[in-house]
There are 2 protein chains.
Amino acid sequence: MQPSAQSGSDSLEVEAAVAKIGKYASSESGDTVELVERPHGGLSIVVADGQRSGRSAKTISNIVVRKAISLLAEGVRDGAVARATHDYLRTHRGGKVSAELSIVSIDLVTSTLVVSRNSRCPVWLRQADGSSWLDDPSEAVGIHRNTKPSITEVPLQRGLTLVVFTDGIYAAGARTGGKMDLDGIFARQDGENQLGAQELADAILDAALTLDQGRPRDDATVLVVKLKPQRHPGEVRRLRIRFPL
Amino acid sequence: MQPSAQSGSDSLEVEAAVAKIGKYASSESGDTVELVERPHGGLSIVVADGQRSGRSAKTISNIVVRKAISLLAEGVRDGAVARATHDYLRTHRGGKVSAELSIVSIDLVTSTLVVSRNSRCPVWLRQADGSSWLDDPSEAVGIHRNTKPSITEVPLQRGLTLVVFTDGIYAAGARTGGKMDLDGIFARQDGENQLGAQELADAILDAALTLDQGRPRDDATVLVVKLKPQRHPGEVRRLRIRFPL
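Residues numbered from 1 in each chain as written. Chains lettered and ligands numbered in written order. Predicted model: local features only at pLDDT ≥ 70, side-chain atom pairs only at ≥ 80, totals over all residues. Heavy atoms only, no water.

Visitor: How should the sheet that holds strand 4 (residues 99-107) of chain B be read in this particular structure?
Guide: Paired through their backbone hydrogen bonds, the strands of a sheet run either parallel or antiparallel. Residues and elements named next belong to chain B. On the basis of which strands lie adjacent, the open sheet formed by five strands has the order 2-3-4-5-8 and antiparallel pairing. Looking at the sheet topology across the chains shown, the edges are occupied by strand 2 (31-37) and strand 8 (150-155). The mean angle between the axes of side-by-side strands here comes to 10°, regardless of whether they run parallel or antiparallel. With seven bridges joining them, strand 4 and strand 5 (residues 112-118) adopt antiparallel strand pairing. Bridge pairing in strand 5 places Ser102 opposite Arg117. (Pairing = 2+ DSSP bridges. Helix = DSSP H or I, 4+ residues; strand = E, 2+ residues; numbered from the N terminus. Axes fitted to C-alpha atoms, helices over the stretch in contact; angles between N-to-C directions.)

In structure tokens, the structure reads:
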């Protein structure tokens, strides 16, 4: 929710959307998602998946996200945020607890999208010239010495779509022998980049829930970022959150 | 984005939405809005309007929001968060800089909506038995000794609507002799509680922009929280953010 450093020139709009559900019959989701304004312009979204499930996983993912968010709010660069968050968790938990951590930044200083992965889950990226999986080997934070993020930086250009998810999406269906066909969802449901970010996030979470027969076996979170032509001119920024009581 | 402590019993959904725009021809908005999970369950939304406009106002509102968010994330109760944020700003800026601060919490422990106001702007509240303005005298944070928030707490019940805004909304039209008819907007456009939170926030911001002839004379932010029957069953939580590049 921060003004742009460079308004109006190309009439693009960022839409970022999250859909998320906790493990079936668990009162706490071990996935945490939060966002923060970048002090020099733009927005960062932090997704963490704490080891195990329930209250302890929630505590871990909360600690990790709070540390990352507070550093991002101070203007610390993303790669240093991921390293510092790792060191912090490893120091405070003696290297015994891990979390998967993804940081997605819309950086208006560099006009780039920056993705920092400390996760086994790959990230899907579509640009004007085609799609790819960001799947360089990458370690969760909290365990080993000197863990580093895998970082990808791409220009903020029309047609860009980025999809980040946690293990509950990626491994959905494992209990019943099913498997998420993510490439199929992207091709069939959003082949022409026709969906909004929230619709695509919902479609992916729905597919995971269907594979898990409505009883997710793990906390499941999906984050979609899209850059599209601006639908209505103007400088209004919007944020919406919806959740059941 | 946190699981509910009490799922499914009454099938209500919280929808919270923000619409926000910076002062015309100013590259920075002095209004900041951020949200945070409450560690014991629920969500808090913090709105701050820093004194003056441009970069210095942005810095002040950011400092205030960061402090409030970090305390809320630690589980500090809302009244103490507002007091501590005031003391912090007053100590660090020598009582020379003020900010208007509103904290809105959906507290799943108490099943209440808690509104803490340190702002001249009133807050609009509609419950099943009618609507009212929360307009107890209330001081901005940062200046005087021992400033306290004005706190209102109401049950999380169907039909609840809460509208918080900053001065750029409340005083829209002052340049041209116009005046926001907020009661009129609520009665005419949402008299039957038919709008979604984002639609109502957009309608209010649109009215302010119209009065200011598309050139807002101050940073303007509106936050709407609604409790409605759940449209689709399920435990999915959703977050969406949209902004022009």
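Visitor: Whenever I open this one, the environment of A:Val154 confuses me. Can you help?
Guide: Residue and element names in this part refer to chain A. Looking at where Val154 falls in the secondary structure, it is placed in strand 8 (residues 150-155). Separated by 29 residues in the primary sequence, Val154 and Leu125 place their C-alpha atoms 9.7 Å from one another. The contacts of Val154, once residues within four sequence positions are left out, are Ser111, Thr112, Leu113, Leu125, Gln127 and Leu160. (Contact = heavy atoms within 4.5 Å.)

Visitor: Please clarify how the packing of helix 1 (residues 54-73) of chain A against helix 2 (residues 78-92) of chain A should be interpreted in this entry.
Guide: Between two packed helices, the angle of one axis relative to the other and the distance separating the axes together describe the packing. Residues and elements named next belong to chain A. Where helix 1 meets helix 2, the closest approach of the two axes is 9 Å, and the angle between their N-to-C directions is 140°. Classified by the interaxial angle, the pair formed by helix 1 and helix 2 is oblique. Read as a crossing pair, helix 1 and helix 2 show a hand that is right-handed. Mapping the contact onto sequence places Ile60, Ile63, Val64, Lys67, Ala68, Leu71 and Leu72 in helix 1 and Asp78, Val81, Ala84, Thr85, Tyr88 and Leu89 in helix 2. Along the lines of polarity and charge, the residues of the contact of helix 1 with helix 2 split into 10 nonpolar, one polar and two charged. (Parallel < 35°, antiparallel > 145°, perpendicular 65-115°, else oblique. Left-handed = near helix turned anticlockwise from the far one by under 90°. Nonpolar A, V, L, I, M, F, W, Y, C, P; charged D, E, K, R; others polar.)

Visitor: Help me understand the interface of chain B and chain A, please; the structure alone is not making it clear to me.
Guide: Think of interface size as the accessible area that goes away when the parts come together; that is how it is often given. Facing the 56 residues of chain B at the interface are 56 residues of chain A. Overall, the association of chain B and chain A removes approximately 5,700 Å² of surface from exposure, summing both partners, and the carbon and sulfur fraction of that is 56%. At the boundary of chain B and chain A, one finds four salt bridges. Those elements that place two or more of their residues in the side of chain B that touches chain A are strand 1 (12-21), strand 2, helix 1 (54-73), helix 5 (197-211) and strand 11 (237-244) of chain B. Broken down by element, the side of chain B that touches chain A gets its largest block of residues, 10 residues, from strand 1 of chain B. Here the residues of the side of chain B that touches chain A sort into 28 nonpolar, 12 polar and 16 charged. Pairing between strand 1 (residues 12-21) of chain A and strand 11 of chain B: eight bridges, direction antiparallel. The residue of strand 11 of chain B that forms the bridge with A:Ala19 is B:Arg238. (Buried area = accessible area lost by both parts, 1.4 Å probe. Salt bridge = Lys/Arg side-chain N within 4 Å of Asp/Glu carboxyl O.)

Visitor: Is there a simple way to think about the pairing of strand 9 (residues 161-165) of chain A in this case?
Guide: Put simply, side chains in a regular strand alternate between the two faces of the sheet. All names here are of chain A. Within strand 9, five of the five residues are buried, which leaves the element mostly enclosed by the surrounding structure. Across the two faces of strand 9 the burial is the same, with Thr161, Val163 and Phe165 and Leu162 and Val164 all buried. Here strand 6 (residues 123-127) pairs with strand 9 via three bridges, running antiparallel. Each residue of the ladder has a partner; that of Arg126, found in strand 9, is Thr161. By the bridge criterion, five bridges tie strand 9 to strand 10 (residues 220-229) in an arrangement that is antiparallel. Along strand 10, the bridge assignment pairs Thr161 with Lys226. (Buried < 20%, exposed > 50% of the residue type's maximum accessible area, 1.4 Å probe, protein only.)

Visitor: Please clarify how helix 5 (residues 197-211) of chain A should be interpreted in this entry.
Guide: Between its first and last C-alpha, helix 5 of chain A extends 22 Å over 15 residues, near the 21 Å set by a 1.5 Å rise per residue. The complete set of buried residues in helix 5 of chain A reads A:Ala197, A:Gln198, A:Leu200, A:Ala201, A:Asp202, A:Ala203, A:Ile204, A:Leu205, A:Ala208 and A:Leu209. (Expected span 1.5 Å × (residues − 1).)

Visitor: How should the relation of the copies chain B and chain A be read in this particular structure?
Guide: Between the two chain copies there is a screw-like relation: a rotation about an axis and a shift along it. Least-squares fitting of chain B to chain A yields an RMSD of 0.0 Å, with the transformation described by 0.0 Å of translation along the axis and a rotation of 180°. The relationship between the two copies is best expressed as a two-fold rotation axis. No C-alpha of chain B approaches the rotation axis more nearly than that of B:Arg240, which lies at 2.6 Å. In this assembly, 100% of the residues forming the interface of chain B have copies in chain A that are likewise at the interface, indicating an isologous arrangement. (Least-squares fit on C-alpha atoms with pLDDT ≥ 70 in both.)

Visitor: Just checking my understanding: could you explain the packing of aromatic side chains for this structure?
Guide: By the definition in use, this model includes eight aromatic pairs over all chains. Centre to centre, the rings of A:Trp133 and A:Phe165 are 6.2 Å apart; their planes meet at 75°, and the pair counts as edge-to-face. Separated by 32 residues along the polypeptide, A:Trp133 in strand 7 (residues 130-134) and A:Phe165 in strand 9 bring together distant segments of the chain. For A:Trp133, a relative accessible area of 26% translates into the label partly exposed. When the ring of B:Trp124 is compared with that of B:Phe186, the centres are 3.7 Å apart and the planes differ by 15°; the resulting orientation is stacked. Placement of the pair is B:Trp124 in strand 6 (residues 123-127) and B:Phe186 in helix 4 (residues 182-190), with a sequence separation of 62 residues. A relative accessible area of 2% means that B:Phe186 is categorised as buried. Put simply, the rings of A:Trp124, A:Trp133, A:Phe165, A:Tyr170 and A:Phe186 touch in pairs and so form one group of aromatic residues. (Phe/Tyr/Trp six-rings, centres within 6.5 Å; stacked < 30°, edge-to-face > 60°.)

Purely geometric numbers; function is a separate question.
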